[in-house]
Amino acid sequence: MEEMEGQEISREEALSRVGYKHACHILLHADTRAKLFGKIPIKHVVLMQMRFDGLLGFPGGLVKPSEESLESGLSRELQEEVGVAVPVTVEDYVSSRLAPSPPQLITHFYTKKMSEPELVEIEKAAVANAVDHGLEVLGMVRVPLYTLRNGGGLPWFLSHSFISNSRAQLLGALQRLRLVPQGALDEAVKQAEHMRH
Ligand code: GTP
Ligand code: MN
Ligand code: MN
Ligand code: MN
Ligand code: MN
Ligand code: MN
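How each quantity is defined
Each chain has its residues counted from 1, following the order in which its sequence is written. The lettering of chains begins at A and the numbering of ligands begins at 1, in the order of writing. Given that this is a predicted model, residues contribute local features only at a pLDDT of at least 70 and side-chain atom pairs are listed and counted only at 80 or more, while totals for whole chains, interfaces and linings are drawn from all residues. To obtain the side-chain values, all non-hydrogen atoms of the structure were included, while hydrogens and water were left out. Any carboxyl oxygen of Asp or Glu that lies within 4 Å of a side-chain nitrogen of Lys or Arg is treated as forming a salt bridge with it. Any two rings among Phe, Tyr and Trp, with Trp reduced to its six-membered ring, count as a pair given centres within 6.5 Å; such a pair is stacked if its planes are under 30 degrees apart, edge-to-face if over 60, and tilted if neither. Helix and strand labels come from DSSP, where a helix needs a run of H or I of at least four residues and a strand needs a run of E of at least two; each type is numbered from the N terminus. The rule is simple: take the accessible area with a 1.4 Å probe, protein chains only, and divide by the maximum for that residue type; under 20% is buried, over 50% is exposed, in between is partly exposed. Near is defined per residue: the residue qualifies when any heavy atom it owns lies within 4 Å of the molecule or strand. The term polar contact refers here to a pair of N or O atoms within 3.5 Å; inside protein, the definition further demands a hydrogen-donor-capable atom paired with an acceptor-capable atom, and it admits residues adjacent in sequence only when both atoms are side-chain atoms. Polar here means any residue outside two lists: the nonpolar Ala, Val, Leu, Ile, Met, Phe, Trp, Tyr, Cys and Pro, and the charged Asp, Glu, Lys and Arg; Gly therefore counts as polar.

**Focus on the pattern of salt bridges**
Phase 1 of the analysis: A full pass over the atoms with the stated rule returns 12 salt bridges.
Phase 2 of the analysis: When the shortest N-O distance is used, the salt bridge between Arg17 and Glu13 registers 2.6 Å.

In structure tokens, the structure reads:
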């Protein structure tokens, strides 16, 4: 789907590679009945973050498989970055890829569905409780999944800059979890192409 996705490898192969660093990131999402302007159903809440470097990415970070499991390392990163040690299990695991950048990095991706109140608690804790708030993490952001007539929403969101292969992770998850209909997703990606720079 994406130029910057990076080759997929199995979890087993990933963990057996010598000389690689491992990063685990997660897409947290919830269903919602909320309506934008009291009119446009937003359907799902999907969380990303504005990073210290000005790029968008998912919460998570570097994990040391020699010292912790991928999932417990990810929970530790979530405690630091969103202020809640959200429990993560292998059930939430999606895939592992050789990152296009930086070299010698393997990115492991997870998704987890929560209730809307649970997700709102995380948004609050990310400000009130996370030690990285205002430092490594400048704020959590919700991804607009709708497309307005002028291209507002998902197309403009996708036109921003993303860390490593996180944009491909987002698009893959929106497709796989059916959070955006395929046609609308393809169209948003196409529109975003014309908005970049
Ligand atoms: P420190 O606490 O400073 O060590 O950072 P961290 O452990 O939180 O690491 P970070 O989240 O920056 O992730 C480590 C590496 O993974 C980064 O250098 C990025 O190249 C890459 N990365 C960061 N965020 C994402 C993401 O959302 N998706 C993917 N695929 N890679 C990411
Ligand atoms: Mn208003
Ligand atoms: Mn971190
Ligand atoms: Mn991080
Ligand atoms: Mn870290
Ligand atoms: Mn840190």
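Right, picking up where we left off after that structure.
**A look at the packing of aromatic side chains**
Phase 1 of the analysis: Using the criterion set out here, one finds 3 aromatic pairs in the structure.
Phase 2 of the analysis: Plain terms: the ring middles of Tyr93 and Tyr110 are 5.6 Å apart, the flat faces sit at 70° to each other, and that makes the pair edge-to-face. Taken together, the positions of Tyr93 in strand β8 (residues 93–98) and Tyr110 in strand β9 (residues 105–114) put the pair 17 residues apart, joining distant regions of the chain.
Phase 3 of the analysis: Aromatic pair Phe157 and Phe162: ring centres 5.8 Å apart, planes at 70°, arrangement edge-to-face. Both residues of the pair, Phe157 and Phe162, count as buried.

**What to know about the site of ligand 1**
Phase 1 of the analysis: Contacts to ligand 1 come from 19 residues, most closely from Phe58, Leu62, Glu81, Asn165 and Gln169.
Phase 2 of the analysis: Residue Leu62 places a main-chain N or O atom 2.8 Å away from an oxygen atom belonging to ligand 1.
Phase 3 of the analysis: Between Asn165 and ligand 1, the recorded distance is 2.3 Å, taken from a side-chain N or O atom to a nitrogen atom.
Phase 4 of the analysis: Of all the secondary-structure elements, those providing two or more residues to the shell around ligand 1 are β2 (21–31), β7 (60–63), α2 (70–82), β9 and α5 (166–176).
Phase 5 of the analysis: For the shell around ligand 1, the element with the highest residue contribution is β7, accounting for 3 residues.
Phase 6 of the analysis: Tallied by class, the residues present in the shell around ligand 1 amount to 6 nonpolar, 9 polar and 4 charged.

**Focus: unusual backbone geometry**
Phase 1 of the analysis: Note the cis peptide between Ser101 and Pro102, where omega equals -15°.
Phase 2 of the analysis: For Pro102, the position within the fold is in the loop between β8 and β9.
Phase 3 of the analysis: Phi at Arg178 takes a positive value of approximately 55°, unusual for a residue other than glycine.
Phase 4 of the analysis: For Arg178, the location among the structural elements is in the loop between α5 and α6 (182–195).
Phase 5 of the analysis: According to the relative accessible area criterion, Arg178 is exposed, its value standing at 71%.

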